[in-house]
Amino acid sequence: MCGIIGFAKSASKSISCSSILEEGLRRLEYRGYDSAGVAVIQGNRVVVIKDVGVVDKIISTSDFKSLEGNVGIGHVRWATHGRPSKVNAHPQVDCSGRIAVVHNGIIENYLELKRFLADNGHVFASETDTEVVAHLIEHFKSLGLKPFDAFKKAVSMLRGSYAIAVVDLDAPSKVFFARNVSPLVIGIGDGINFVASDIVAFIKYTNRVIVLNDGELGYISDSEVYIERDGVPVDVLSRVRVVEMSAQSIEKGGYKHFMAKEIAEQPYSLAQTLASLQSQDIAKALNTIANAKRIYIVGAGSSYHAALLGATAFKVFLGIDAEAVISSEFKAVSRAVRYGDAVIGVSQSGETIDTLLALREAKERGATTIAIVNNPFSTIARESDHVVAMKAGPEIAVAATKTFTTQVLTLLYIVARLTELVEPVEAELRISSESLKLSHEIAQKVIDELNDDCRRVAEFLLSKHSAYYLGRVFGVPIAMEGALKLKEVAYIHAEAYPAGESKHGPIALVEREFPTIFIYLGFLDEALESNVEEMKARGAYVVTVAQDDMIVGSIARYSDTVIRMPRAPLEVRLVTYAIPLQLIAYHTSVLKGLDPDKPRNLAKTVTVV
Ligand code: M6R
């Protein structure tokens, strides 16, 4: 949801300003690709280059490569206020062109501020909320404040969410920054410092970071990082952390797309996550859940699908009621949340605003919050009472793949560990953390052996406009994830239903060759066989994802294509059945000539409500 970067380096540093900004923008592009832009202090002016479109386009159609300077900012945009256009692209500048601002978030009171500034003679060029920041700083400077004081005064007038970076020709060696709600991190290098929405923007240069908190602001220069909160300087050194992330982990590494790479990385991500879960101290989180009066699991998008699968596992394997709630719908249940409840937030980024707000609300109502995140430095991780960290590695493609399967693994691991603490419903319904160890091997088999079958399904889907994904019980969230992937990266309308519901309405759409993808897990979903028959009787083209030995009876007779999953314990099937659906969506996208890494209108991390 927009990404920002700023840097300040010493003149003796040989690395060029354009390569720093190019690297930063490319790494942040997963956050938005409606437009991109940079501003650099070059001699006695602020040079701005910006345009609609992807980073590649901006670089290849401008003087980007010849930019020179030691201080600069950059931005990739996912439009909120103002359509994607050159004028609305960031950086936004003041009337004089001496101050340039990049921003991620939403300034809620921008219209009020805009009126005030217009009354004071400021002329606005864009429809953005961000532009008010540049003019506010200009306004306070005109009243006699020094640049940093004017910046602070401007920030004090903003309401809403923001991660902001500013260059000002009157403070030419510094980048000012401020954070409220939207993520912002500082990178501390040698003769070079950074500020950015995500560590990936500068990991090539440094892994020493400071994660900023809400309400903090300050500046970086080539040799200084200054942070204050409520006017009081922060002890910067005590806040520095070293992150374990390699520059290679955020490269495509020979794959054509990040999505393909991340699908292929699942065996490794699953193995790493399981090993990390075994070594993490999650006893407090487990105790909180075991003793909770009620359990809620919140998430958005794919994370919600993992939450739904997790909540079903709590009910089926533990006999404990757990409710999965879409983060943005948490208001619908939050009045029922009270002291003694546990609210688990599932979020790969740990920055999704809907999930963050749901967890904040839960906390206010007295619940204990537990974060399942892929980013242990994220806001959700830092604000939650307990953290269960996944080790999926950086996920760059907008579509969640390896983080979905690792979320499912993590939730099942929690359920498996809880069987040791609470009386499970029936012994035969136990799942074990031991069996989960097979997840990475089975995932590897699926990727190695079923890729071509999935591509053939994609060839069939290519000309289709609509598809159903059907499953029962655990198959429902997996079907939902499959349908989301197809919509997201292949732009084919896809809907998931509990298979039993299909005859209560959805079947009306089914005609000859209508694609219907069944997820058959062979657990509490025997009745799926009749649904396959019903669909086939209406001419549907049936694809069934099922374990090799379960492709019998109606499943064998009526499926046009079967994706033969390797034999595995139930818990491992729950982790791995989304993988063929990811492959189907990926291949469909590529065959359609789309870029699966950058689906239109989407951004990886949604930091606006
Ligand atoms: O970072 P989060 O897990 O909180 O993100 C939640 C959703 O925005 C995310 O899963 C989204 O639905 C993905 N693009 C799905 O592929």
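Residues numbered from 1 in each chain as written. Predicted model: local features only at pLDDT ≥ 70, side-chain atom pairs only at ≥ 80, totals over all residues. Heavy atoms only, no water.

A.B. asks: Go over the overall build of the protein, please, and point to the residues and values.
C.D. replies: When helices and strands are counted, the protein shows 19 helices and 25 strands. For 609 residues, the compact-globule estimate of 2.2 N^0.38 gives 25 Å, and the protein sits close to it at 25 Å. Restricting to contacts in the protein with at least 6 residues of sequence separation, those with at least 24 account for 72%. Mean positive and mean negative side-chain charge positions of the protein (65 and 72 charges, respectively) differ by 2 Å. (Helix = DSSP H or I, 4+ residues; strand = E, 2+ residues; numbered from the N terminus. Rg over C-alpha atoms; globule rule 2.2 N^0.38 Å. Contact = heavy atoms within 4.5 Å. Lys, Arg positive; Asp, Glu negative; His and termini not counted. Charge placed at Lys NZ, Arg CZ, Asp CG, Glu CD.)

A.B. asks: Talk me through the side chain of serine 502; I want residue IDs and the actual numbers.
C.D. replies: For serine 502, the location among the structural elements is in the loop between β22 (493-498) and β23 (515-520). Once residues lying within four places of it in the same chain are set aside, the contact partners of serine 502 are Leu470, Ile507 and Met535.

A.B. asks: Can you tell me about the sheet that holds strand β16 (residues 295-299), naming the residues and giving the values?
C.D. replies: The five strands lie next to each other as β17-β16-β18-β19-β20, forming an open sheet whose pairing is parallel. Whereas interior strands pair on both sides, the edge strands pair on one side only; in this sheet they are β17 (322-326) and β20 (386-389). For this sheet the average axis-to-axis angle between neighbouring strands, irrespective of direction, equals 20°. Relative to β20, strand β19 (residues 368-373) is paired through four bridges, and the arrangement is parallel. Considered in β20, the bridge of alanine 371 is made with valine 387. (Pairing = 2+ DSSP bridges. Axes fitted to C-alpha atoms, helices over the stretch in contact; angles between N-to-C directions.)

A.B. asks: Describe in detail the environment of arginine 365, supporting the description with residues and values.
C.D. replies: Locating arginine 365 in the fold gives a position in the loop between α11 (353-364) and β19. You can call arginine 365 partly exposed: its relative accessible area is 35%. The spacing of arginine 365 and alanine 336 is 29 residues in sequence and 9.1 Å in space, taken between C-alpha atoms. Those residues within four positions of arginine 365 in sequence are excluded, and the remaining contacts are Ser334, Arg335, Val337, Arg338 and Tyr339. Of note is the side chain of arginine 365, whose polar atom sits 3.1 Å from the backbone oxygen of arginine 335. (Buried < 20%, exposed > 50% of the residue type's maximum accessible area, 1.4 Å probe, protein only. Polar contact = N/O pair within 3.5 Å; in protein donor to acceptor, adjacent residues only side chain to side chain.)

A.B. asks: Describe the nonpolar core, listing the residues and the values that go with them.
C.D. replies: Counting residues in hydrophobic clusters, the biggest one holds 127 residues, and the most contacted among them are Phe314, Phe317 and Tyr469. Setting aside residues no more than four positions away along its own chain, phenylalanine 314 makes contact with Ile289, Ile295, Ile297, Gly319, Ile320, Ala322, Ile344, Ile414, Val415 and Leu418. If you look at the next biggest cluster of nonpolar residues, it comprises 28 residues, including Val101, Val133, Ala134 and Tyr226. (Core = buried A, V, L, I, M, F, W, Y, C linked by side-chain atoms within 4.5 Å.)

A.B. asks: Tell me about the site of the ligand, residues and numbers included.
C.D. replies: Around the ligand sit 14 residues, and of these Ser303, Ser347, Ser349, Thr352 and Glu488 come closest. Between serine 303 and the ligand, the recorded distance is 2.5 Å, taken from a side-chain N or O atom to an oxygen atom. Within the contact set of the ligand, a nitrogen atom lies 3.1 Å away from a backbone nitrogen or oxygen of valine 398. In the complex, 91% of the free accessible area of the ligand, which totals 410 Å², lies under the protein chains. For the shell around the ligand, the residue count by class is five nonpolar, seven polar and two charged. Counting contributing residues per domain, the shell around the ligand is built from domain 2 (259-433) and domain 3 (446-592), each supplying no fewer than three. (Near = heavy atom within 4 Å. Areas by Shrake-Rupley, 256 points an atom, 1.4 Å probe, with all protein chains shown as cover. Nonpolar A, V, L, I, M, F, W, Y, C, P; charged D, E, K, R; others polar. Domains from an automatic or database assignment.)

A.B. asks: Outline the packing of helix α14 (residues 439-461) against helix α19 (residues 578-591), listing residues and values.
C.D. replies: The geometry of α14 relative to α19 is characterised by a closest axis approach of 7 Å and an angle of 45° between their N-to-C directions. Taken together, the axis directions place α14 and α19 in an arrangement best described as oblique. Here α14 and α19 pass one another in a crossing that is right-handed. Counting all contacts with α14, which are made through Ala443, Val446, Ile447, Asn451, Cys454, Arg455, Val457, Ala458, Glu459 and Leu461, the residues of α19 involved are Ile579, Pro580, Leu583, Ile584, His587, Thr588 and Leu591. Classifying every residue of the contact of α14 with α19 gives twelve nonpolar, three polar and two charged. (Parallel < 35°, antiparallel > 145°, perpendicular 65-115°, else oblique. Left-handed = near helix turned anticlockwise from the far one by under 90°.)

A.B. asks: Go over the packing of aromatic side chains with me, naming the residues and quoting the values.
C.D. replies: Evaluated as defined, the whole model comprises 15 aromatic pairs. With a centroid separation of 5.3 Å and an interplanar angle of 20°, the aromatic rings of phenylalanine 194 and phenylalanine 202 are classed as stacked. Neither phenylalanine 194 nor phenylalanine 202 differs from the other in exposure class; each is buried. Where phenylalanine 460 meets tyrosine 541, the ring centres are 3.7 Å apart and the plane angle is 20°; that geometry is what we call stacked. (Phe/Tyr/Trp six-rings, centres within 6.5 Å; stacked < 30°, edge-to-face > 60°.)

A.B. asks: Tell me what's going on with the sheet that holds strand β12 (residues 216-220), and back it up with residues and numbers.
C.D. replies: Taken in spatial order, the seven strands make up an open sheet running β5-β6-β7-β8-β12-β13-β14, and their pairing is antiparallel. Edge strands, defined here as strands with exactly one partner in the open sheet, are β5 (92-93) and β14 (232-233).

A.B. asks: Which residues make up unusual backbone geometry, and what values do they have?
C.D. replies: With omega at 5°, the peptide bond leading from histidine 90 into proline 91 counts as cis. Along the chain, the position of proline 91 falls in the loop between β4 (71-77) and β5. Phi angles above zero are rare outside glycine, and valine 181 is one such case at about 70°. If you trace the backbone, valine 181 turns up in the loop between β8 (175-180) and β9 (185-188).

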